[in-house]
Amino acid sequence: MPRSRIAEFSIERLQVLDQDGAVDESLEPDLDEERLREWYRTMKLSRRLDERAIALQRRGELGTFAPAIGQEAAQVGSAGALGDDDWLVPAFREHPAALARGGSPRAVFAYAMGLEEGGAPPEGSRVLPPSIAVGTQPLHAAGIGWAEAMRGTESVALTYFGDGATSEGEVYEALNLAGVYGSQTVFCCQNNRYAISTPLAKQTRAGTLAQKAIAAGIEGIQVDGNDVLGVYAATNEAIERARRGVPTLIEALTYRRGMHTTADDPSVYRTTDEEAEWEALDPILRFERYLRDRGVLDDEAVASIEAGIEDDLAAGIEAARDLAEGADPEEMFEYAYGEPPRYLDRQREAFAAGDDREVAPAESVARGDGAGTPADAAGDDPTAASADAFADADRLNVVEAIRTTLRAELERDEDVLVYGQDVGVDGGVFRATQGLLDAFPGRVHDAPVAEAGIVGLGVGLAAAGYRPVAEIQFSGFTFQAFAQLHQHVSRIRSRSRGRVTCPMVVRAPYGLGVKALEHHSESYEAGYAHVPGLKVAIPSTPRNAAGLLRAAIRDPDPVLFFEPMPLYRAIRRPVPEESVVPLGEARVVEEGTDVTVVAWGAMVREAERALEAVDASVELIDLQSISPLDTGTVVDSVRETGRCVVVHEAPRTGGFAGEVTARIVDEATWHLEAPIERVTGYDVPVPLPAREDSYRPDAGRIGAAIERVATA
């Protein structure tokens with residue numbers, strides 16, 4: 001069969017100033033002299049700041065620092081094209097852009113001294129904090145740009161990354177998703193020729209990095225990154241395109257004249273001839289020649305600017321030193337959560353008291369089922385609550401309860417947004433979102449198969465004011481998004497000192513029991529509970545599925561919502577409207593006096609089956625959320641029974657039963673009359689369906705453990 005050419009492409013390259021500062025007047029942007037002088041001052045300020053920071057680091061006063069020497073034009077020219085309502089999403093070397101957007105030398109020095117305050121965006125600005133993880137923040141800019149497009153604003157998001165980051169998959173996901181959603185985003189790749197020591201030739205065989213936009217269906221352009229006017233012109237055009245829903249990838253060709261960081265020695269991998277060649281192309285010298293030729297600068301003006309810069313740097317260093325000297329270490333507790341769990345408060349109390357305890361002394365916690373609303377006050381037995389609470393309640397299964405709650409929250413709050421794999425036309429793999437696309441056009445979106453992208457978009461959507469509810473098709477695939485969850489979703493509040501938050505929910509079908517293929521039956525919830533800043537909820541009934549999900553959507557913090565697949569259609573129960581189950585409150589399913597059994601998710605139902613066959617009086621506790629963990633309800637129960645069994649379907653080693661056990665040992669050791677037993681999965685990969693039943697804890701194993709503990 002003959003072959004035919006189906007696509008051709010070319011990449012434009014833009015330059016306005018040549019290396020001698022001569023200008024192509026046909027391309028010269030119309031800018032007033034005051035603005036040009038301010039850009040020059042910002043570039044010089046950044047250069048001198050870098051030099052001072054390197055000297056301070058060498059004296060041991062700063063930590064590792066990433067100078068931007070040589071890249072000032074690429075950042076000041078692009079940031080200079082932004083309006084007041086536009087967003088800046090930096091990586092970790094973007095202090096020239098930050099200074100151009102109103103940032104201060106004090107903040108840059110403070111951040112290098114190891115103070116989070118230095119990374120917090122200036123009050124009232126639309127600047128995200130620095131992002132250290134390479135290539136992860138473009139997704140946030142894509143999410144912000146999508147949010148602004150949905151709201152119909154003129155605001156755009158500009159994000160930076162280096163040539164090395166283009167080898168990261170999340171950069172491609174960001175470009176692709178921005179194209180899919182018509183995101184008002186401009187991507188600026190500062191091609192400084194090296195990913196630490198790896199030269200561009202060893203990073204890609206592509207002729208340009210700008211051509212990587214072609215596969216995403218967005219615009220791509222290459223610009224001389226040492227030409228501040230050219231960068232401004234390219235960015236200005238890209239912003240206009242972004243406002244029409246066409247993202248752009250700008251490749252700014254520049255050169256990192258200094259080290260990658262102060263821990264790096266570029267002489268190992270660069271030649272002196274190469275460095276001399278690029279020294280002649282220095283962006284500040286080029287711009288200064290142009291400004292002198294135009295009469296904007298003379299020797300007196302340059303001297304005045306330099307003197308002012310030295311004063312600003314001296315003041316910035318002293319202000320950063322004062323901040324470091326007065327830094328309160330207790331502030332580490334301040335921004336991890338919008339609503340800190342009680343056990344974190346106790347850790348903070350112990351720290352503030354300065355005693356030797358790891359947590360403050362335990363306090364008596366009143367026993368309760370963690371209901372949160374009158375309708376929830378009696379577990380799953382509607383006869384034990386008032387008749388009025390259940391008079392109009394529909395009997396729903398878990399998947400119907402989730403769907404009904406999503407619908408109600410979409411109706412209640414126009415900022416709630418549902419998106420993910422197959423959630424629209426298909427209604428989700430388990431039909432949890434069925435019908436929502438038609439009911440809420442523009443607020444329910446199908447997403448490409450890109451787990452990191454889906455979660456990373458949520459960071460940007462949340463930063464821009466939405467409450468995203470994202471679905472990952474199975475919890476085993478949330479690991480593709482673990483970097484976003486760990487590095488950004490959980491930390492953005494702390495990193496920004498509370499100025500940027502991420503109130504998003506990530507839903508995922510979870511656990512054993514559906515006889516699916518590999519990775520579709522994982523139960524690794526303990527790994528996520530280990531991440532400060534994340535909350536993890538796992539329902540076990542239709543009513544707490546609705547109540548927990550409603551609480552999660554309204555929570556100020558990010559929540560992973562794991563939905564046990566075997567329970568989706570297993571039982572029907574009355575689910576009152578507006579039922580809310582607060583995160584961090586356990587539910588007493590059955591009261592008893594001999595043994596406490598702690599479980600969550602599908603294991604609650606398995607434990608209920610076990611109770612039918614044992615003689616002991618068992619108190620069964622459904623944790624409902626494992627982060628935050630309701631230690632009080634568990635500990636109070638164990639103080640009464642003296643015995644405990646903890647059940648989960650995840651592998652035993654490192655499973656969350658270990659944390660539950662540790663909390664009991666911390667606070668109820670002298671009440672224990674027998675060793676605590678764990679009934680769990682085994683420390684092997686989850687078997688395929690033919691052997692899954694042998695792996696999964698069942699009523700028999702749970703009942704045997706209860707009998708052993710009860711008679712010990």
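Reference entry: report on the structure contained in this document.

1. Side note on the nonpolar core
F187, I402, W600, L623, F656 and V660 are the most contacted members of the largest nonpolar core, which has 109 residues in total. For this core, the element with the highest residue contribution is helix α16 (residues 451-463), accounting for seven residues. Filtering out sequence-adjacent residues up to four positions away, W600 remains in contact with Y510, E525, I538, D622, L623, I626, V646, V647, H648, F656, A657 and V660. Counting 60 residues, the second largest nonpolar core, distinct from the first, contains L31, L56, A97 and L115.

2. Concerning the environment of E608
Within the secondary structure, E608 is located in helix α21 (residues 602-611). Not counting chain neighbours up to four residues away, the residues in contact with E608 comprise V589 and L620.

3. Observations concerning the packing of aromatic side chains
Tallying each qualifying case throughout the model produces 17 aromatic pairs. Note on F482 and Y528: the rings are 5.5 Å apart at their centroids and 55° apart in plane angle, and the pair reads as tilted. Of this pair, F482 sits in helix α17 (residues 482-489) while Y528 sits in helix α19 (residues 525-529), placing them 46 residues apart in sequence. When its relative accessible area of 2% is taken as the criterion, Y528 is described as buried. We note R151 situated over the ring of Y466; from NZ or CZ to the ring centre the distance is 4.1 Å. Against the face of Y343 rests R663, its NZ or CZ located 4.3 Å from the ring centre.

4. A look at the sheet that holds strand β1 (residues 12-14)
Spatially, six strands are ordered β1-β7-β8-β4-β3-β2 in an open sheet, and the strand pairing comes out parallel. Sheet topology places β1 and β2 (87-89) at the edges, where each strand pairs with a single neighbour. If you compare each strand with its neighbour and ignore which way they point, the axes differ by 25° on average. As paired strands, strand β3 (residues 157-162) and strand β4 (residues 185-191) are joined by six bridges and run parallel to one another. The partner of T159 across the bridge, within β4, is F187.

5. Overview of empty space enclosed by the protein
As enumerated under the stated definition, the model contains four cavities of 30 Å³ or more in all. Estimates place the volume of the second largest cavity at around 50 Å³. V89, P90, L128, P129, P130, S131, Q137, H140, H488, I492 and R495 together form the lining of the second largest cavity. Of the residues in the lining of the second largest cavity, the class split is six nonpolar, four polar and one charged.

The rules behind these values
- Residues numbered from 1 in each chain as written.
- Predicted model: local features only at pLDDT ≥ 70, side-chain atom pairs only at ≥ 80, totals over all residues.
- Heavy atoms only, no water.
- Core = buried A, V, L, I, M, F, W, Y, C linked by side-chain atoms within 4.5 Å.
- Buried < 20%, exposed > 50% of the residue type's maximum accessible area, 1.4 Å probe, protein only.
- Helix = DSSP H or I, 4+ residues; strand = E, 2+ residues; numbered from the N terminus.
- Contact = heavy atoms within 4.5 Å.
- Phe/Tyr/Trp six-rings, centres within 6.5 Å; stacked < 30°, edge-to-face > 60°.
- Lys NZ or Arg CZ within 6 Å of the ring centre and 35° of its normal.
- Pairing = 2+ DSSP bridges.
- Axes fitted to C-alpha atoms, helices over the stretch in contact; angles between N-to-C directions.
- 1 Å grid on protein atoms, 1.4 Å probe; cavity = no way out; pocket = protein on both sides within 12 Å on 5 of 7 lines; lining within 4 Å.
- Points joined across faces, edges and corners; volume = space filled by probe spheres on them.
- Nonpolar A, V, L, I, M, F, W, Y, C, P; charged D, E, K, R; others polar.

Everything listed here is a matter of geometry and, on its own, says nothing about what the molecule does.
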